[in-house]
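Summary of the model geometry
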Amino acid sequence: MPYSKELRGSYSKQLPLGTKGERTHHVVTYNPNRAKPGEVLYIRCPKLEAGVVLTDKMNLVFDLKLEGHNKNFVVQNLSANIVSRLVLKFEGEILLDLTGYNLVQTYKDLYLDRTNKTLYGIQSENLRKMRSGNVDAVGGGAHLGESALHKAYGSKYAIDLARLHPMTNGHGAVYPSSLGSHIEWELTLAPIKSILVSEDPDAWDYTLTNIQLEYETIRDPKLATEISGYYNNGKSFLYEHIQHFRTINFTGSDTIINENINVPRRSMKGIFILFSKIQVQNELDTELFINPGISSVAVTIEGIANKVYAQGLSPRKFWEEVRRYFMAPEFGGVDKLEYVTEEKFLLDKYCLFIDLRSFKDNKYHGSGLKVMNTKDGVQLEIVREATQPPQQRMTANIFIISDAKLDIEGSRLNSIMY
């Protein structure tokens with residue numbers, strides 16, 4: 001008779017696999033420890049002592065100093081919005097170069113668990129005002145909890161570096177001392193207009209001060225030796241490659257957007273399009289992604305019409321396509337009605353996602369469309385309703401999402417494929 005695993009005599013809720021390694025939390029001052037908008041922060045994974053491995057906890061922590069009007073305050077999800085371009089490297093070779101990182105990461109974060117993210121700048125508007133020194137911030141009474149968070153965090157924020165790099169995310173502990181070169185991040189700081197809600201845009205600025213690298217290690221020579229063996233014998237790091245393909249400007253009177261995407265990819269997972277409009281600076285909402293009123297999308301692949309969607313992609317299917325990718329549990333997505341509902345999606349959390357995978361499970365690598373040595377690639381015909389006012393300017397940012405792989409052998413870079 002079959003029994004559930006919890007009823008079997010061999011079942012144990014806990015696993016006898018705990019390490020006896022010594023855990024240490026490190027704080028290292030970044031040099032230089034100040035930065036301004038537009039500057040690039042060059043960060044290298046620290047080379048640790050022999051027998052010490054790096055866990056998946058690595059943050060770039062800083063204080064945010066605002067200058068200007070006393071009613072200025074930061075936007076929601078500061079951690080994502082303060083980086084406009086992200087470059088990831090190993091052995092000096094580029095693994096990813098993403099312009100518009102702030103747009104992509106802000107949108108993806110809408111579908112994650114948003115609780116307890118104060119350090120990363122996901123917080124209430126009142127708390128954003130408190131931490132920015134805004135005179136309109138309200139404390140006490142119903143805001144005692146926000147006051148406690150303000151006291152704990154002050155102007156301190158962080159960028160989660162570990163989740164960004166394929167070698168520090170989802171592939172176990174890292175043993176930097178065994179690698180033949182450095183794991184690197186390059187972060188370009190966003191312009192002031194991207195991160196500040198302001199009533200006086202002529203008198204504003206920001207500075208990152210007290211920049212520090214915080215990370216955790218475990219001293220465990222046996223584990224370090226095991227990881228080193230994988231590096232020497234060969235290890236693959238599977239990751240997601242995102243490229244900003246193009247920015248298209250259109251107006252309310254435009255009813256058809258045609259785009260041809262013919263970029264060589266071994267596994268193109270999807271085409272991801274975000275729409276935006278010009279916002280007034282004192283009402284800036286970085287989590288506003290407009291619905292441009294799309295009525296149908298036709299996808300042609302290598303000259304074959306309606307290749308993915310036999311009858312075209314209609315509005316009632318937009319939400320389903322987005323859920324397939326962004327709410328996937330393996331990406332940390334919350335696959336239930338939480339921050340983004342279908343109603344919110346259609347109103348102001350909108351994106352167009354063309355899913356080119358064979359099936360929706362993100363755990364599997366390589367199920368995307370092969371676009372190699374093709375003549376026409378993927379062609380999109382996006383039909384939308386004319387909107388008022390007809391001269392309103394809007395923008396579509398097109399991103400290509402693909403599977404990628406980094407191979408190392410002999411502790412050195414062997415190949416990068418996407």
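The present account deals with the structure reproduced in this document. (Residues numbered from 1 in each chain as written. Predicted model: local features only at pLDDT ≥ 70, side-chain atom pairs only at ≥ 80, totals over all residues. Heavy atoms only, no water.)

Some remarks on the side chain of arginine 131
Applicable threshold: In this description a helix means any DSSP run of H or I spanning at least four residues, a strand means any run of E spanning at least two, and both kinds are numbered starting from the N terminus. Think of it in three bands: with a 1.4 Å probe and only protein chains considered, a residue is buried below 20% of the maximum accessible area for its type, exposed above 50%, and partly exposed in between. In this tally, Lys and Arg are treated as positive and Asp and Glu as negative; His is ignored, and so are the chain termini. The salt bridge definition used is simple: a Lys or Arg side-chain nitrogen within 4 Å of an Asp or Glu carboxyl oxygen. By the criterion applied in these results, polar contacts are pairs of N or O atoms within 3.5 Å in which, for protein atoms, one can donate a hydrogen and the other can accept it, and in which residues neighboring in sequence qualify only through two side-chain atoms. Contacts are residue-level and defined by heavy atoms, with any inter-residue pair within 4.5 Å sufficient.
Checked against the element boundaries, arginine 131 lands in helix H3 (residues 125-132). Salt bridges are absent for the buried arginine 131, whose nearest opposite-charge side chain, aspartate 63, sits at 7.5 Å. A polar contact of 2.3 Å, which involves the side chain of arginine 131, links it to the backbone oxygen of lysine 156. Those residues within four positions of arginine 131 in sequence are excluded, and the remaining contacts are Thr118, Gln123, His150, Tyr153, Gly154, Ser155, Lys156 and Tyr157.

What about the pairing of strand E6 (residues 93-99)?
How we decide: When DSSP locates at least two bridges between a pair of strands, those strands are taken to pair.
Of the strand pairs in this sheet, strand E5 (residues 83-90) and E6 are connected by six bridges, and their pairing is antiparallel. Opposite lysine 89, over in E6, you have isoleucine 94 as the bridge partner. The hairpin formed by E5 and E6 contains two residues between the paired strands, and glutamate 91 there has a positive phi angle of roughly 55°.

Brief notes about the packing of aromatic side chains
The condition that has to hold: Only centres within 6.5 Å qualify two rings of Phe, Tyr or Trp (six-membered ring in Trp) as a pair; their planes then separate them into stacked at under 30 degrees, edge-to-face at over 60, and tilted for everything else.
Per the stated rule, a full pass over the model turns up 17 aromatic pairs. Judged by centre distance (6.3 Å) and plane angle (85°), the ring pair of phenylalanine 250 and phenylalanine 275 falls under edge-to-face. Placement of phenylalanine 250 in strand E11 (residues 235-251) and of phenylalanine 275 in strand E13 (residues 265-277) is noted, with a sequence separation of 25 residues between them. For phenylalanine 250, a relative accessible area of 4% puts it in the buried group.

What about the layout of surface pockets?
By rolling a water-sized probe across the atoms, one finds the places where empty space is left. Put simply, the test is: Only protein atoms enter the 1 Å grid used here. Points where a 1.4 Å probe fits but cannot escape make up a cavity, open sets with protein on both sides within 12 Å along at least five of seven lines make up a pocket, and a residue lines them when an atom lies within 4 Å of a point. Grid points are joined across faces, edges and corners, and a volume is the space filled by probe spheres set on the points. Only Asp, Glu, Lys and Arg are considered charged, only Ala, Val, Leu, Ile, Met, Phe, Trp, Tyr, Cys and Pro nonpolar, and every remaining residue, Gly among them, polar.
Space inside the second largest pocket adds up to approximately 720 Å³. If you list the elements that add at least two residues to the lining of the second largest pocket, you get helix H2 (101-109), E11, E13 and strand E19 (393-409). With four residues, the top contributor of residues to the lining of the second largest pocket is E19. Classifying every residue of the lining of the second largest pocket by side-chain character gives eight nonpolar, 13 polar and four charged.

Some thoughts on the nonpolar core
Heads up, the condition is: Buried Ala, Val, Leu, Ile, Met, Phe, Trp, Tyr and Cys residues form a nonpolar core when they are joined through side-chain atoms within 4.5 Å.
In terms of nonpolar packing, the biggest core is built from 110 residues, with Tyr107 and Leu352 touching the most fellow members. Here this core gets nine residues from one element, more than from any other, and that element is E19.

Details of the environment of threonine 55
Along the chain, threonine 55 turns up in strand E3 (residues 52-68). Threonine 55 sits 29 residues away from serine 84 along the chain, and the two C-alpha atoms are 26 Å apart. The residues contacting threonine 55, other than those within four sequence positions of it, are Glu216 and Ile218.

Section: the sheet that holds strand E7 (residues 156-160)
Whether parallel or antiparallel, the strands of a sheet pair through hydrogen bonds between backbone atoms. This is how the line gets drawn: To get an axis, a line is fitted to the C-alpha atoms, and for a helix only the part in contact is used. The angle between two axes follows their N-to-C directions and goes from 0 to 180 degrees.
Strand order across the open sheet formed by four strands is E1-E10-E3-E7, with antiparallel pairing between neighbours. Every other strand in the sheet has two partners, leaving strand E1 (22-29) and E7 as the edge strands with one partner each. Neighbour-to-neighbour, the strand axes of this sheet turn through a mean angle of 30°, independent of strand direction. Pairing between E1 and strand E10 (residues 204-219): eight bridges, direction antiparallel. If you follow valine 27 over to E10, its bridge partner there is glutamate 214.

Section: unusual backbone geometry
Going from asparagine 31 to proline 32, the amide bond is cis rather than trans, its omega being 5°. Among the structural elements, proline 32 can be located in the loop between E1 and strand E2 (40-44). Looking along the chain, the bond that leaves glutamine 388 and enters proline 389 is cis, with omega of -5°. Tracing the sequence through the fold places proline 389 in the loop between strand E18 (378-384) and E19. The backbone of glutamate 91 shows a phi angle near 55°, a positive value even though the residue is not glycine. One non-glycine residue, asparagine 306, adopts positive backbone phi at about 50°. Secondary-structure assignment places asparagine 306 in the loop between strand E15 (304-305) and helix H6 (315-326).

Digging into H6
Side chains of residues three or four places apart in an α-helix project in the same direction, reflecting 3.6 residues per turn. What counts is decided by this rule: By definition here, a helix of n residues has an expected span of 1.5 Å times n minus one. Along the arc lie the directions from the helix axis toward the C-beta atoms.
Look at H6: 18 Å from first C-alpha to last across twelve residues, which is about the 16 Å you get at 1.5 Å a residue. Considered for burial, the residues of H6 that qualify are Phe318, Trp319, Glu321, Val322, Tyr325 and Phe326. Buried residues in H6, looked at end-on, bunch into an arc of 165°, giving them a common side.

Topic: H3
Judged by how many residues are buried, H3 sits mostly within the fold: seven of eight residues are covered. The elements touched by buried residues of H3 are E3, strand E4 (73-74), helix H4 (144-153) and E7. Following H3 by one or two positions, glycine 133 adopts a phi angle in the positive range, close to 75°.

Examining the pattern of salt bridges
This model, assessed by the stated rule, comprises 21 salt bridges. A salt bridge links aspartate 348 to lysine 349; the shortest N-O distance between them is 3.3 Å. The partly exposed category is assigned to aspartate 348, whose relative accessible area is 27%. Overlapping salt bridges bring together Lys108, Glu240, Lys269 and Asp403 as one network.

This is a description of form; function is not addressed.
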